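Fold and geometry: a report
Spelled out from the first residue to the last, the chains are:
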Amino acid sequence: MNPIDLRSDTVTRPTPAMWDAMRAAPLGDDVFGDDPTVNALQARIAADLGFEAALFMPTGTQSNLCALMSHCQRGDEYIVGQMAHTYRWEGGGAAVLGSIQPQPVANQSDGTLALADIEAAIKPDDAHFARTRLLALENTWGGQVLPLPYIEAATGLARRRGLAAHLDGARLYNAAVASGAPAREITRHFDSVSVCFSKGLGTPAGSALCGSREFIARAHRWRKMAGGGMRQSGVLAAAALYALDHHVERLAMDHANAGRLAEGLQGLAGVTVAIPQSNIVFVDLAPDKPRDLVERLRSRGVLVTGLYRLRLVTHLDVGADDIERALAVLRATLS
Ligand SMILES: *Cc1c(COP(=O)(O)O)cnc(C)c1O
């Protein structure tokens, strides 16, 4: 039997219909700007999310990096969650490659940054300080959906204080589907948004950065410098176009499967599991649990990540029956 891979929603393979769309895509050389499928995707995602322009990116990391570098100059700073992907999980690229100082502030348990903390982190215009330029939020954060009123308040505060606002929306569509709000209701509060097609939407690679025409022109330059100028990338853009048409609404199934997983793990001694808001389930284990649970689960055909906090992510390559099979293994192994 194939293992059930719950390590991430990035592990999916293209479906046969996605392969067909990729094979059929008209292609060009995107560095010359003449790949029709890339151009179609860029126009489509910009329009869907309410922006003037968009840029197809190889990865979410490069997309966020180019966004930060397009908002901030050398010696500027951006305010970001202590546990945000751009700060914590992208190799420190903003600082290393962008000469941008991150100003991390604590993530509250619901993923928000307290407005008072944001306010306190904004520096006055004084030669002692880096120039605070940008607020970066993330949605979903650890699978949690930022409440719309919070997004409105935080980006409103940023705007009042002269900061731009960027959204790392790697899982934007999970947030939209989970909250029942159209994606553009979330994105309209931001100056720029990065969205991944390679997570819950199930493409082999690719992200998009959206913003004003002038912002995207700057990002285009950084993308080339970062080595992200791809050629017949329409083959990947076709997968993204297919996913936007066919893989957004079905995210509700991933969320239901995550809910079923969490429900099925409740009540085991030494196991704490919160009801997930989207497709990520965190399982906290008492310290007396064996340290090799991930290996034990793997040997029984269930792949997860973590140590005392396991992370289980649902996606389009795990069905409801896989969830029941995984639950049986998890219950037996964690008990
Ligand atoms: C995965 C992820 C990224 C980066 O995407 P890659 O394509 O893996 O570089 C950025 N932000 C968040 C929140 C993510 O989950």
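To start, this report covers the structure provided alongside it. All values derive from a computational prediction rather than experimental measurement.

A few points about the pairing of strand 6 (residues 164–169)
In terms of burial, strand 6 is a largely internal element, six of the six residues being buried. Alternating residues of strand 6 divide into A164, H166 and D168 and A165, L167 and G169, and every residue in both groups is buried. In this structure, strand 5 (residues 131–138) lies alongside strand 6, joined through five bridges in parallel fashion. The residue bridging L134 from the neighbouring strand is A164, located in strand 6. Note on the crossover from strand 5 through helix 7 (residues 148–160) to strand 6: the handedness is right-handed. In this sheet, strand 7 (residues 192–196) lies alongside strand 6 in parallel orientation, the contact comprising four bridges. Bridge pairing links H166 to S192 in strand 7.

So, the nonpolar core
If you look at soluble globular proteins, the nonpolar side chains tend to sit buried side by side. Formed by 52 residues in total, the largest nonpolar core has its most connected members in I45, L49, I118, L137, L172, Y173 and F197. Ranked by residues supplied to this core, first place goes to helix 11 (residues 234–246) with eight residues. Formed by 26 residues, the second largest nonpolar core is a distinct cluster that contains V304, L312, V318 and L327.

A look at the environment of N2
Of note, N2 is situated in the segment before strand 1 (4–5). C-alpha of N2 to C-alpha of R231: the two residues are 229 residues apart in sequence and 35 Å apart in space.

Things to note about the packing of aromatic side chains
For any pair of aromatic rings, geometry is given as the distance between the ring centres together with the angle between the planes. Under the definition given, this model contains one aromatic pair. Over the ring of F282 we find R309; its NZ or CZ atom is 4.3 Å from the centre of that ring.

With respect to the packing of helix 3 (residues 60–71) against helix 10 (residues 213–225)
At a minimum axis distance of 9 Å, the contact between helix 3 and helix 10 shows a crossing angle of 120°. On the basis of their axis angle, the class for helix 3 and helix 10 is oblique. Considering only the axes of helix 3 and helix 10, their crossing is right-handed. Residue-level contacts link Q62, C66, A67, M69, S70 and H71 of helix 3 to F215, R218, A219, W222 and R223 of helix 10. Partitioned by chemical class, the residues of the contact of helix 3 with helix 10 number six nonpolar, three polar and two charged.

Calculation notes
Residues numbered from 1 in each chain as written. Predicted model: local features only at pLDDT ≥ 70, side-chain atom pairs only at ≥ 80, totals over all residues. Heavy atoms only, no water. Buried < 20%, exposed > 50% of the residue type's maximum accessible area, 1.4 Å probe, protein only. Helix = DSSP H or I, 4+ residues; strand = E, 2+ residues; numbered from the N terminus. Pairing = 2+ DSSP bridges. Right-handed = clockwise from strand over helix to strand, strands pointing away. Core = buried A, V, L, I, M, F, W, Y, C linked by side-chain atoms within 4.5 Å. Phe/Tyr/Trp six-rings, centres within 6.5 Å; stacked < 30°, edge-to-face > 60°. Lys NZ or Arg CZ within 6 Å of the ring centre and 35° of its normal. Axes fitted to C-alpha atoms, helices over the stretch in contact; angles between N-to-C directions. Parallel < 35°, antiparallel > 145°, perpendicular 65-115°, else oblique. Left-handed = near helix turned anticlockwise from the far one by under 90°. Contact = heavy atoms within 4.5 Å. Nonpolar A, V, L, I, M, F, W, Y, C, P; charged D, E, K, R; others polar.

Geometric descriptors of this kind do not, in isolation, establish any biological role.
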